[in-house]
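# Secondary and tertiary structure notes
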Amino acid sequence: MAVTIEELYRNYGILADAKPEDLSQHKDAYQVILDGVKGGPKEKRLAAQFIPKFFSSFPELADAAINAQLDLCEDEDVSIRRQAIKELPRFAAGENIVRVADILTQLLQTDDSAEFNQVNTALVSIFKMDAKATLGGLFSQILQGEDIVRERAVKFLSIKLKTMPEDTMTKDVEDYIFTETKKVLEDVTGEEFVLLMRILMVLKGLQTVSGRQQLVELVVEQAFLEQALNPADPDTVDRLLQCTRQALPLFSKNVHSTRFVTYFCDHVLPNLSSLTSPVAELDIQLEVLKLLAEMSPFCGDMEKVEANLTMLFEKLLEFMPLPPEAEGENGENTLSDEPKLQFSYVECLLFSFHQLGKKLPDFLIDKINAERLKDFKIRLQYFARGLQVYIRQLRVALQGKTGDALKTEENKIKVVALKITNNINVLIKDLFHNPPSYKSTVTLSWKPVQKAEAVVLKRPSGEDMGAGSTMKKQLSPPLPRRDARQIYNPPSGKYSATIGNFSNEQRGGFRGGRGRGFGGRGGRSRGRIY
């Protein structure tokens, strides 16, 4: 016979009135309350509140009590579920914390937003009681649970860990997170990999140089840098992109990007034109070149610096055309075949070449024969003249515009285009020094602008004049000017809205669902599935 509301209140009264030392004598009364989970909605709501209140007084009924509360957490009535979930942290004591954390982690799969928030609140609550035990329940489900539970548990950690009090995140807790996360990383999807790296990056113990180096090692292992790249496989390309993006924030003058830069020079640049994009709208070649440019300042000593510079040099030649033949038989200008100047690509390649060139300053003098060097300078000169024209046009278009006027989509594109062209101009000037110089510093066009920086739209300074000012004392590469009819006139609409919007964040994720691999299930390789 089902327990009634009256019986629940009566037995609750017995327990509430009993002295703490006498509570264990009223086991039957507590059993009646446990049986309330078999009643109607009102009885269940009362049971959800009464069961945890006296839970600690009846250790012999602990399993029965937790199971009863769990039944209520799975009730069809969402209001009963929410009440039961709200009370779950009261069961989290001693050995029960891991079990309660495990239960709450499984409950993250709910589609009810209020219930989901209640589960999150409960998990945070018990985390503050015993962080390591709570993590035990979370990682148990991440490693062994259903896909939806695993996914949401990883997201929970990636969001909530950084908000936890410092006294909760002890060294022992951080070490446990690092150890367990490495286990999870043996078999992950692309999205999971990004989230797990975020989890590790907030750990105080990994903010040191040695800590960041450990994180780089984890990324290197995931990136498979010891294997040749298959440019036709979008999953393989995507894995490399994702890993490189995660490694980028870790690089510094003490944590080097050498292995990634070397891999890009050895395996990516030679296959640049044949790379298969994992996302349809992504310019995969530009994306790769931007990553390489961002990594290049942090490259340490390289075994093959000359070979890597040679590869960058060859790629620069591909994107820096020779001047066209400007005159027809009758001496008229024929610029219909004017080559397209790909400023964004050249900015990345020139920047990377400029950074690695510091390691072998005589490369253009001793390692390149005179004929090729002459050809290279002709290309640089032609490109520089095109830059001067475009910089003037951009400055005129942006002259006098401030505030909201610069925030229109069209003007934002022009501002980025001006950054790109100014950067290229500065780098080209360095290479025209005799001997070539590698001293100038530029900020890549897609990097965030510091408050102190701004696009110069007023009267240029001497430095601005060198970056393409229209003033008479404008500096230009020290090679003879060709006929003005050959100066490149940049087409309108040249730049798309994607310029400068590069982000380290994942773009589109890895192909395939949860095969727990970068791209879905496949053959095993060193414990991971790809």
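Residues numbered from 1 in each chain as written. Predicted model: local features only at pLDDT ≥ 70, side-chain atom pairs only at ≥ 80, totals over all residues. Heavy atoms only, no water.

- An unreviewed UniProt entry lists the chain under the name Apoptosis inhibitor 5, from Coregonus suidteri.
- Here is the UniProt Sequence similarities (unreviewed entry) comment for the chain, exactly as written: "Belongs to the API5 family."
- UniProt annotates the chain under Subcellular location (unreviewed entry) with the comment "Nucleus". (UniProt positions renumbered as here; feature names shortened; annotations may be inferred.)

## A closer look at the overall build of the chain
- When helices and strands are counted, the chain shows 21 helices and two strands.
- Taken over 530 residues, the chain has a buried fraction of 52%.
- Contacts in the chain between residues far apart in sequence, at least 24 positions, make up 74% of those at least 6 positions apart.
- Accessible surface computed for the chain: about 24900 Å², of which carbon and sulfur atoms make up 49%. (Helix = DSSP H or I, 4+ residues; strand = E, 2+ residues; numbered from the N terminus. Buried < 20%, exposed > 50% of the residue type's maximum accessible area, 1.4 Å probe, protein only. Contact = heavy atoms within 4.5 Å. Areas by Shrake-Rupley, 256 points an atom, 1.4 Å probe, with all protein chains shown as cover.)

## What about helix H9 (residues 147-160)?
- With 14 residues, H9 extends 20 Å from end C-alpha to end C-alpha; this agrees with the ideal 20 Å at 1.5 Å per step.
- Restricting attention to buried positions, one finds in H9 the residues Val149, Arg150, Ala153, Val154, Phe156, Leu157 and Ser158.
- Looking at the buried residues of H9, the elements they touch are helix H6 (96-107), helix H7 (113-129), helix H8 (131-144), helix H10 (171-184) and helix H11 (190-201). (Expected span 1.5 Å × (residues − 1).)

## Description of the packing of aromatic side chains
- Counted by the stated rule, this structure contains 14 aromatic pairs.
- Between Tyr30 and Phe58, the ring centres sit 4.7 Å apart and the planes meet at 10°, which makes this aromatic pair stacked. Taken as a pair, Tyr30 in helix H2 (residues 27-35) and Phe58 in the loop between helix H3 (41-53) and helix H4 (62-73) lie far apart in primary sequence, 28 residues in all. Neither Tyr30 nor Phe58 differs from the other in exposure class; each is buried.
- Seen in terms of ring centroids, Phe343 and Tyr390 are 5.5 Å apart; in terms of plane orientation they differ by 25°. Their pairing is stacked. You can see Phe343 sitting in helix H17 (residues 343-357) and its partner Tyr390 sitting in helix H19 (residues 370-398), a full 47 residues away along the chain.
- Among the residues examined, Phe343 registers a relative accessible area of 1% and is labelled buried.
- Residue classification places Tyr390 among the buried residues on the basis of a relative accessible area of 9%.
- An aromatic cluster of at least three residues, connected via ring pairs, comprises Tyr9, Tyr12, Phe50 and Phe54. (Phe/Tyr/Trp six-rings, centres within 6.5 Å; stacked < 30°, edge-to-face > 60°.)

## Quick word on the side chain of Asp102
- Looking at where Asp102 falls in the secondary structure, it is placed in helix H6.
- One buried charge, Asp102, has no salt-bridge partner; the nearest side chain with opposite charge is Arg99, at 7.8 Å.
- At 3.0 Å, the side chain of Asp102 and the side chain of Gln141 are in polar contact.
- Setting aside its immediate chain neighbours within four residues, Asp102 contacts Gly137, Ser140 and Gln141. (Lys, Arg positive; Asp, Glu negative; His and termini not counted. Salt bridge = Lys/Arg side-chain N within 4 Å of Asp/Glu carboxyl O. Polar contact = N/O pair within 3.5 Å; in protein donor to acceptor, adjacent residues only side chain to side chain.)

## Some points on the environment of Gly190
- Mapping Gly190 onto the fold places it in helix H11.
- For Gly190, a relative accessible area of 0% translates into the label buried.
- For the pair Gly190 and Cys243, spaced 53 residues apart in sequence, the C-alpha to C-alpha distance is 8.9 Å.

## Overview of the state of the cysteines
- Under the criterion given, the structure shown has zero disulfides.
- Looking at the unpaired Cys265, the closest cysteine sulfur is the one in Cys299, lying at 7.9 Å. (Disulfide = S-S within 2.5 Å.)

## Re the environment of Ala16
- Mapped onto the fold, Ala16 is located in helix H1 (residues 5-17).
- For the pair formed by Ala16 and Phe54, sequence separation is 38 residues and the distance between their alpha carbons is 8.7 Å.

## Thoughts on the pattern of salt bridges
- Going through the model one piece at a time under the given rule, you end up with 24 salt bridges.
- Measuring nitrogen to oxygen at the nearest pair gives 3.4 Å for the salt bridge that ties Asp172 to Lys132. You can see Asp172 sitting in helix H10 and its partner Lys132 sitting in helix H8, a full 40 residues away along the chain.
- Glu217 is paired through a salt bridge with Arg259; the nearest N and O atoms lie 2.5 Å apart. Remark: Arg259 occurs in helix H14 (residues 258-268) and Glu217 occurs in helix H12 (residues 209-223); sequence separation between them is 42 residues.
- Judged by relative accessible area, Glu217 falls into the partly exposed class, the value being 35%.
- Salt bridges linked by common partners bring Glu151, Lys155 and Glu191 together as one network.

## Thoughts on the packing of H7 against H8
- As a packed pair, H7 and H8 sit with axes 6 Å apart at the nearest point and diverge in direction by 135°. In terms of their interaxial angle, H7 and H8 are classed as oblique. Residues Leu123, Ile126, Phe127 and Met129 of H7 pack against Ala131, Thr134, Leu135 and Leu138 of H8.
- When its residues are assigned to classes, the contact of H7 with H8 shows seven nonpolar, one polar and no charged. (Axes fitted to C-alpha atoms, helices over the stretch in contact; angles between N-to-C directions. Parallel < 35°, antiparallel > 145°, perpendicular 65-115°, else oblique. Nonpolar A, V, L, I, M, F, W, Y, C, P; charged D, E, K, R; others polar.)

## A look at the packing of H6 against H7
- It is the contact of H6 with H7, at a shortest axis distance of 9 Å, that shows an interaxial angle of 155°. Between H6 and H7, the crossing angle belongs to the class labelled roughly antiparallel. Considering the relative orientation of H6 and H7, their crossing is left-handed. Of the residues in H7, those touching H6 at Ile97, Val100, Ala101, Leu104, Thr105 and Leu107 are Val119, Ala122, Leu123 and Ile126.
- Residues of the contact of H6 with H7, tallied by class, amount to nine nonpolar, one polar and no charged. (Left-handed = near helix turned anticlockwise from the far one by under 90°.)

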